[in-house]
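Given next are the chains, with one letter for each unit.
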Amino acid sequence: MLSAVTFWASRSQREDSPKPVAGLDPRLDYVLHDFELQFFDENGQPSLNMRAPILRNDPKLKMGTIEHPVVRVNQEDAVWDLTADEAAVTADKEHVQLIGQVNLMRNEPATGNWVKLDTREVHVEVTPQTAVTDQPVSMFDGRNRVDAIGLELDMKSKNFILKQNVKATYAVN
């Protein structure tokens, strides 16, 4: 009898717990608190993770705004961590505008190499993994510093183009 009552009590508690929300209609006006999104590649491996304290969806503008986003892009040989004061995301989730104090950090776990980029605004294209800014940008790798106005970055190939007013300070070994 005690076993049956225990089973019934534990089962009724599980049924009352909130169920995960799936398939939110992007046409709805909603706010999510302490949310986390995880995207996977074709092999089932995590490719992108985004978390933040608040996401707001505006169906009229077809735009989501995110406060203090933290984005992690996992690549075969590196991890990119992107943070900002705010982000705006299009309804198709392919275009992200990072706004405010924006930091991009590339870390290569196998080699220990890293580079940090700081700027004020970055437009990210999600699928091709590219980023562009016309704002002042500062790059630092632990020894060398490069400052410029404007940047075009290909996160997959690790190639970047500094647009103008490039100033570099290199450490001599």
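This one's a predicted model, so the numbers in the text were calculated from it and none came from an experiment.

Each value, and the rule that gives it
- Residues numbered from 1 in each chain as written.
- Predicted model: local features only at pLDDT ≥ 70, side-chain atom pairs only at ≥ 80, totals over all residues.
- Heavy atoms only, no water.
- Helix = DSSP H or I, 4+ residues; strand = E, 2+ residues; numbered from the N terminus.
- Buried < 20%, exposed > 50% of the residue type's maximum accessible area, 1.4 Å probe, protein only.
- Contact = heavy atoms within 4.5 Å.
- Salt bridge = Lys/Arg side-chain N within 4 Å of Asp/Glu carboxyl O.
- Pairing = 2+ DSSP bridges.
- Phe/Tyr/Trp six-rings, centres within 6.5 Å; stacked < 30°, edge-to-face > 60°.
- Polar contact = N/O pair within 3.5 Å; in protein donor to acceptor, adjacent residues only side chain to side chain.

## Section: the side chain of Asn103
No. 1: Here Asn103 shows up in strand β7 (residues 95-107).
No. 2: Judged by relative accessible area, Asn103 falls into the buried class, the value being 18%.
No. 3: In this view, Asn103 contacts Asp81, Leu82, Thr83, Lys116, Leu117 and Asp118; residues no more than four positions away in its chain are not counted.

## Description of the pattern of salt bridges
No. 1: If you walk through the whole model with that rule in mind, you get 8 salt bridges.
No. 2: Between Glu108 and Lys158 there is a salt bridge, with its nearest N and O atoms 3.8 Å apart. Of the two residues, Glu108 sits in the loop between β7 and β8 (114-125) while Lys158 sits in the loop between β10 (145-154) and β11 (159-169), which places them 50 residues apart along the sequence.

## Examining the pairing of strand β9 (residues 130-140)
No. 1: As paired elements, β8 and β9 share 6 bridges and run antiparallel to each other. Within β9, the position partnered with Glu125 by the bridge is Thr130.
No. 2: Here β8 folds back onto β9 in antiparallel fashion, the turn holding 4 residues, of which Gln129 has a positive phi close to 55°.
No. 3: Taken together, β9 and the strand that follows it, β10, pair antiparallel across an intervening segment of 4 residues, in which Gly142 is found at a positive phi of about 100°.

## Points about the packing of aromatic side chains
No. 1: The final tally for this structure, using the stated rule, is 1 aromatic pair.
No. 2: Residues Trp114 and Phe140 carry aromatic rings whose centres are separated by 6.0 Å and whose planes lie at 65° to one another, so their mutual orientation is edge-to-face. Taken as a pair, Trp114 in strand β8 and Phe140 in strand β9 lie far apart in primary sequence, 26 residues in all.
No. 3: Classification of Trp114 by relative accessible area gives partly exposed; the value is 31%.

## Side note on the pairing of strand β2 (residues 46-58)
No. 1: Direction of pairing for strand β1 (residues 30-40) relative to β2: antiparallel, over a ladder of 10 bridges. Across the sheet, Tyr30 pairs through a bridge with Asn57, a residue of β2.
No. 2: As consecutive antiparallel partners, β1 and β2 are separated by 5 residues, and within that stretch Gly44 has a phi angle of approximately 80°, a positive value.
No. 3: Sheet analysis places β2 next to strand β4 (residues 70-74), joined by 4 bridges and oriented antiparallel. Within β4, the position partnered with Arg51 by the bridge is Val70.

## Some thoughts on the side chain of Thr133
No. 1: One can find Thr133 in strand β9.
No. 2: Separated by 2.4 Å, the side chain of Thr133 and the backbone oxygen of Glu121 make a polar contact.
No. 3: Look past the residues within four positions of Thr133 in its chain and what remains in contact with it is Thr119, Glu121, Val122, Gly150, Leu151 and Lys163.

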